[in-house]
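# A structural walkthrough
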Amino acid sequence: MSTHPSPPEDMLIEYDVSPLSFVEETAIARVWKVARVDGQNAALKIYKKASMGNEAAGFFFLEALNGSAVANVYRRTSNSALIEWLDGHSLGDLTRRGEDEKAAKELVAVANRIHSFPLPPKDEYAKLEDWLEALFTVGFAQACPPSSRQNILRCQVLARQLIEQPHDIRPLHGDLHHDNIRLGDRGYCAFDAKGVLGERTYELANAFRNPKGAFDLVHDVNRVRYLCDLWSKHFDVEPLRLIQWAAVKCALSMVWRGRGVLELDPEFSLLEIFLAVSEEY
Ligand SMILES: Nc1ncnc2c1ncn2[C@@H]1O[C@H](COP(=O)(O)OP(=O)(O)OP(=O)(O)O)[C@@H](O)[C@H]1O
Ligand SMILES: [Mg+2]
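### Looking at the overall build of the chain
- Across its full length, the chain holds ten helices and twelve strands.
- Taken against the 2.2 N^0.38 rule, which gives 19 Å for 281 residues, the C-alpha radius of gyration of the chain at 19 Å falls within 12% of a compact globule.
- Expressed as lengths along the three principal axes of its C-alpha atoms, the size of the chain is roughly 55 × 40 × 40 Å.
- For the chain, the proportion of contacts with a sequence separation of at least 24, taken over those separated by at least 6, is 71%.

### Thoughts on the sheet that holds strand β1 (residues 17-25)
- Read from one edge to the other, the open sheet built from five strands follows the order β1-β2-β3-β5-β4, with strand pairing classed as antiparallel. Either end of the sheet is taken by a strand with one partner, and the two such strands are β1 and β4 (73-77). Pairwise comparison of adjacent strand axes, ignoring direction, gives a mean angle of 20° for this sheet.
- Alignment of strand β3 (residues 41-47) against strand β5 (residues 80-84), held across five bridges, turns out to be antiparallel. Bridge assignment links Lys45 to a residue of β5, and that residue is Ala81.

### Looking at the site of ligand 1
- Around ligand 1 sit 19 residues, and of these Thr26, Val31, Ala43, Leu86 and Asp192 come closest.
- Counting residues per element, the ones that place at least two in the shell around ligand 1 are β1, β2 (29-36), β3 and β5.
- Class assignment for the residues of the shell around ligand 1 results in eleven nonpolar, two polar and six charged.
- Viewed by domain, the shell around ligand 1 spans two of them, domain 1 (9-84) and domain 2 (91-278), each represented by three or more residues.

### Let's talk about the pairing of β4
- Sheet analysis places β4 next to β5, joined by four bridges and oriented antiparallel. Each bridged residue has a counterpart across the sheet, and for Thr77 the counterpart in β5 is Ser80.
- Taking the residues that link successive antiparallel strands as the turn, the β4-β5 hairpin has two residues.

### Comments concerning helix α10 (residues 268-278)
- Every buried residue of α10 is listed here: Leu270, Leu271, Ile273, Phe274, Leu275, Val277 and Ser278.
- For α10, the elements touching its buried residues are α6 (146-164), α7 (215-218), α8 (221-235) and α9 (239-257).

### Looking at the domain arrangement of the chain
- According to the domain assignment, the chain consists of domain 1 (9-84) and domain 2 (91-278).
- Taken over C-alpha atoms, the centre of domain 1 sits 25 Å from the centre of domain 2.
- Listed as interface residues are 14 residues of domain 1 and, on the opposing side, 19 residues of domain 2.
- Counting only elements with at least two residues in the side of domain 1 that touches domain 2, the list comes to α2 (56-65) and β5.

### Digging into unusual backbone geometry
- The residue after Asn210, namely Pro211, is reached through a cis peptide bond having omega 0°.
- By secondary structure assignment, the location of Pro211 is in the loop between β11 (196-199) and α7.
- Of note, the phi angle at Asp168 is positive, near 50°, even though the residue is not glycine.
- With respect to the secondary-structure elements, Asp168 resides in the loop between α6 and β8 (169-172).
- Its 12 C-beta neighbours within 10 Å are what place Asp168 among the exposed residues.

### What to know about the nonpolar core
- Residues Ala190, Ala247, Ala251 and Phe274 are the most contacted members of the largest nonpolar core, which totals 81 residues.
- Ranked by the residues each element gives to this core, the list is headed by α9, at eleven residues.
- Apart from residues lying up to four places away in sequence, Ala247 is in contact with Cys155, Leu158, Leu271, Phe274, Leu275 and Ser278.

### Describing α8
- Between its first and last C-alpha, α8 extends 21 Å over 15 residues, near the 21 Å set by a 1.5 Å rise per residue.
- Turning to α8, its buried residues number three or more, namely Val224, Leu227, Cys228, Trp231 and Ser232. With its buried residues spanning 115° around the axis, α8 presents them on a single face. Of the exposed residues in α8, the ones pointing more than 90 degrees away from its buried face are Asn222, Asp229 and Lys233.
- In this fold, the buried residues of α8 make contact with α4 (100-115), α9 and α10.

### Thoughts on the packing of helix α5 (residues 128-136) against α6
- Viewed as axis vectors pointing N to C, α5 and α6 meet at an angle of 155°, and their least axial separation amounts to 10 Å. In terms of orientation, α5 and α6 fall into the roughly antiparallel class. As α5 runs across α6, the sense of the crossing is left-handed. Contacts from Glu129, Leu132, Leu135 and Phe136 of α5 reach α6 at Cys155, Gln156, Ala159 and Ile163.
- The class makeup of the residues in the contact of α5 with α6 is six nonpolar, one polar and one charged.

Criteria and cut-off values
- Throughout this description, residue numbers start from 1 for each chain and increase along the sequence as written.
- Chain A is the first chain written and ligand 1 is the first ligand written, with later ones labelled in order.
- Note on the predicted model: pLDDT of at least 70 is required for a residue's local features to be given, and 80 or more for side-chain atom pairs to be given and counted; whole-chain, interface and lining totals, by contrast, use all residues.
- Counting from the N terminus, the helices are DSSP H or I runs at least four residues long and the strands are E runs at least two residues long.
- Each radius of gyration is computed over the set of C-alpha atoms, and the globule rule expresses the reference value as 2.2 Å times the number of residues to the power 0.38.
- Contact between residues is assigned whenever the C-beta positions, reconstructed from backbone atoms, fall within 7 Å.
- By definition, two strands form a pair when at least two bridges between them are found by DSSP.
- Structural elements are reduced to axes, namely lines fitted to C-alpha atoms, with helices fitted over the stretch in contact, and the angle between N-to-C directions of any two is expressed from 0 to 180 degrees.
- For each residue, a C-beta atom is placed from the backbone, and the residue is labelled near a molecule or strand when this atom is within 6 Å of it.
- The nonpolar class holds Ala, Val, Leu, Ile, Met, Phe, Trp, Tyr, Cys and Pro. Asp, Glu, Lys and Arg form the charged class, and all remaining residues, Gly among them, are polar.
- Reported domain spans reflect what an automatic or database domain assignment gives.
- Here exposure depends only on C-beta density: within 10 Å of a residue's C-beta, 20 or more other C-beta atoms make it buried, 12 or fewer make it exposed, and intermediate numbers make it partly exposed, the C-beta atoms being placed from the backbone.
- Throughout this description, the term nonpolar core refers to a group of buried Ala, Val, Leu, Ile, Met, Phe, Trp, Tyr and Cys residues whose C-beta atoms join them within 7 Å.
- Here the expected length of a helix is defined as 1.5 Å per residue gap, with one fewer gap than residues.
- In this description, the arc belongs to the directions extending from the helix axis to the C-beta atoms.
- Geometric relationships in this document are graded by angle, where less than 35 degrees denotes roughly parallel, more than 145 denotes roughly antiparallel, 65 to 115 denotes roughly perpendicular, and other angles denote oblique.
- Here a crossing is called left-handed whenever its near helix is offset anticlockwise from the far helix by less than a right angle, and right-handed whenever the offset is clockwise.

What follows is the structure in structure tokens.
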């Protein structure tokens, strides 16, 4: 029998759903599969704190797309959301079972479908520039290797250059990677958005570091080159800016993980690869 808790009774009443199974505990939330009264399944995501905090911008983004290449958000409260259930595999599953090129093509197709829908900038979104403050103000512990420190400083310079010449700023999903896209009844759909205003190119930056569970592949320089080539063509962005954004996102993720102070990080070597590929353009 599962040791995982059922969704709280008040949430089941609030959403008029019955519990089917526990799906996952994340750092900040729990996800259940539930059934609605109309028989449709749904994902019920309940945040551990009283508010979903900055994840609200992500739901604002998904709602604005109204189901266009993203999961429908049926309803939400300040700390929970009921979302269309996506029953199939994720693009991460595809990569992990050896179909990385198919996953890469499906990922950029989802990005294009999302971006074919014009969205006005709104105050509800976070700003990519604000996120980058953490990178600009990072500190280094003694144990941080000098070469890694140099690479982070290079990313600070790159990030400043990128934001000083803004290209096509619009609302972005902000966390579009393999495990945030699953196959549903309406085709592949994204979910788990951040909702951030930033350069369109940034939309594909985080996917270079993904999926989890494919370490050797993610660190294969030929895969990095392949993704940069494929995605820049299919998403109609400059390959150099794309790989530069991938490097900047990689650095930003390390800074977030280190809570502002970098010591040792498992992605130092990946950042080195992204920067090396950026030198090829
Ligand atoms: N609509 C959905 N349909 C099917 N599975 C889902 C759905 N929403 C979430 N899941 C499952 O739950 C997992 C975790 O959900 P989600 O991606 O929203 O959070 P996370 O990225 O793990 O963490 P965080 O809460 O920090 O954003 C997903 O990877 C997926 O396996
Ligand atoms: Mg996720």
